[in-house]
Amino acid sequence: MRVLGVDPGLTRCGIGVVEGVAGRPLTMLGVGVVRTPSDDEIGPRLVAIERGIDAWLDEHRPELVAVERVFAQHNVRTVMGTAQASAVAMLCASRRDIPVALHTPSEVKAAVTGSGRADKAQVGAMVTRLLRLSEPPRPADAADALALAICHIWRAPAVNRLQQAHAAARASRLPTTAPVRKVTR
């Protein structure tokens, strides 16, 4: 599975592509950051992020895009910018019919480090180890994007099994055919 991870942000939007399957060594295919000037207006910044993500999608042709789920912070301005960049990433993928998965920061940290409260340095160190890199990707947004892709590759099989089990349980509780009622007037 080839996954493009996106750590959304207006100033630095981390992008990373990882290929592999759960239980086997993973391979980093690319990592970087789409940057926008903080003093630019919001519209041109979102367009720049769109163009950057589109270029990564064209180059790497992922099967899925994993995006960090936006969570509430104290700084509303930061949350809004993150949410806007996140929406751009989802839109770019959806235009190409590429499935999108959202993962919370704590899910990503737990998947990669074993602790949902890991700091950025721990995430970077584990990404470096898991992908057999010589040094942690910089800036941290790039490492976080790779961590998102790793998280999805590792979690997808379990999530799919849970969804299938849930669907099967629901189907077993539903009648296989709807009763036919004769309507008389």
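Scroll up for the structure.
Colleague: Would you mind going over the environment of Cys13 with me for this structure?
Modeller: With respect to the element layout, Cys13 can be found in strand β2 (residues 12-19). The exposure class of Cys13 is buried, given its relative accessible area of 0%. The spacing of Cys13 and Gly52 is 39 residues in sequence and 9.2 Å in space, taken between C-alpha atoms. With sequence-adjacent residues up to four places away left out, Cys13 is seen in contact with Val6, Asp7, Pro8, Gly32, Val33, Val34, Ile49 and Ile53.

Colleague: When you look at unusual backbone geometry in this model, what are you seeing that I'm missing?
Modeller: The bulk of non-glycine residues show a negative phi, and the bulk of peptide bonds are trans. For the peptide bond that leads from Arg138 to Pro139, omega is -5°, which places it in the cis range. Note that Pro139 resides in the loop between α4 (120-130) and α5 (140-173). For Arg61, which is not glycine, the phi torsion reads 45° and is therefore positive. Look at Arg132: it is not a glycine, yet its phi comes out positive at around 55°. Along the polypeptide, Arg132 turns up in the loop between α4 and α5. The class of Arg132 is exposed, set by a relative accessible area of 51%.

Colleague: Before we go on, may I ask you to explain α4 in this structure?
Modeller: In an α-helix there are 3.6 residues to a turn, and that puts residues three or four apart on one side. Along α4, the residues classified as buried are Val123, Gly124, Val127, Thr128 and Leu130. Between the side-chain oxygen of the N-cap and the backbone nitrogen of Ala121 there are 3.2 Å, and the N-cap of α4 in question is Asp119.

Colleague: I would appreciate a short explanation of helix α3 (residues 105-113) in the present structure.
Modeller: For α3, the set of buried residues is Pro105, Val108 and Val112. Buried residues of α3 fall within an arc of 65° about the axis and therefore sit on the same side.

Colleague: Explain the packing of helix α1 (residues 42-60) against helix α2 (residues 76-95) to me, please; I cannot follow it from the model alone.
Modeller: For any two helices packed against each other, one specifies the inter-axial angle together with the distance between the axes. Close contact between α1 and α2 brings their axes to 9 Å; oriented N to C, the two are set at 40°. Between α1 and α2, the crossing angle belongs to the class labelled oblique. Here α1 runs over α2; the crossing is right-handed. Only Gln84, Ala85, Val88, Ala89, Cys92, Ala93 and Arg95 of α2 make contact with α1, whose side of the interface consists of Ile42, Leu46, Ile49, Glu50, Ile53, Asp54 and Leu57.

Colleague: Help me understand the packing of α3 against α4, please; the structure alone is not making it clear to me.
Modeller: Axis separation between α3 and α4 bottoms out at 9 Å; the angle between their running directions is 50°. Taken together, α3 and α4 sit at an angle that is classed as oblique. When you trace α3 past α4, the crossing you get is left-handed. Across the interface between the two elements, Lys109, Val112 and Thr113 from α3 touch Gln122, Val123, Met126, Val127 and Leu130 from α4.

Colleague: It is not clear to me how the nonpolar core should be interpreted in this structure. Could you clarify?
Modeller: Note that soluble globular proteins tend to have their nonpolar side chains buried in a common cluster. Ranked by size, the top nonpolar core spans 20 residues in total, and within it Val18, Val127, Leu131 and Ile150 carry the most contacts. Elements with a contribution of two residues or more to this core: β4 (64-68), α3, α4 and α5. In terms of residues, this core owes the most to one element, α5, which gives seven residues. What Val127 contacts, discounting residues up to four positions off in sequence, is Val112, Leu133, Pro137, Ala143, Leu146, Ala147 and Ile150. Among the nonpolar cores identified, the runner-up in size contains 19 residues, and Leu4, Leu10, Val34 and Leu57 belong to it.

What counts and how
- Residues numbered from 1 in each chain as written.
- Predicted model: local features only at pLDDT ≥ 70, side-chain atom pairs only at ≥ 80, totals over all residues.
- Heavy atoms only, no water.
- Helix = DSSP H or I, 4+ residues; strand = E, 2+ residues; numbered from the N terminus.
- Buried < 20%, exposed > 50% of the residue type's maximum accessible area, 1.4 Å probe, protein only.
- Contact = heavy atoms within 4.5 Å.
- Polar contact = N/O pair within 3.5 Å; in protein donor to acceptor, adjacent residues only side chain to side chain.
- Arc of directions from axis to C-beta.
- Axes fitted to C-alpha atoms, helices over the stretch in contact; angles between N-to-C directions.
- Parallel < 35°, antiparallel > 145°, perpendicular 65-115°, else oblique.
- Left-handed = near helix turned anticlockwise from the far one by under 90°.
- Core = buried A, V, L, I, M, F, W, Y, C linked by side-chain atoms within 4.5 Å.

Distances and angles like these do not, on their own, reveal function.
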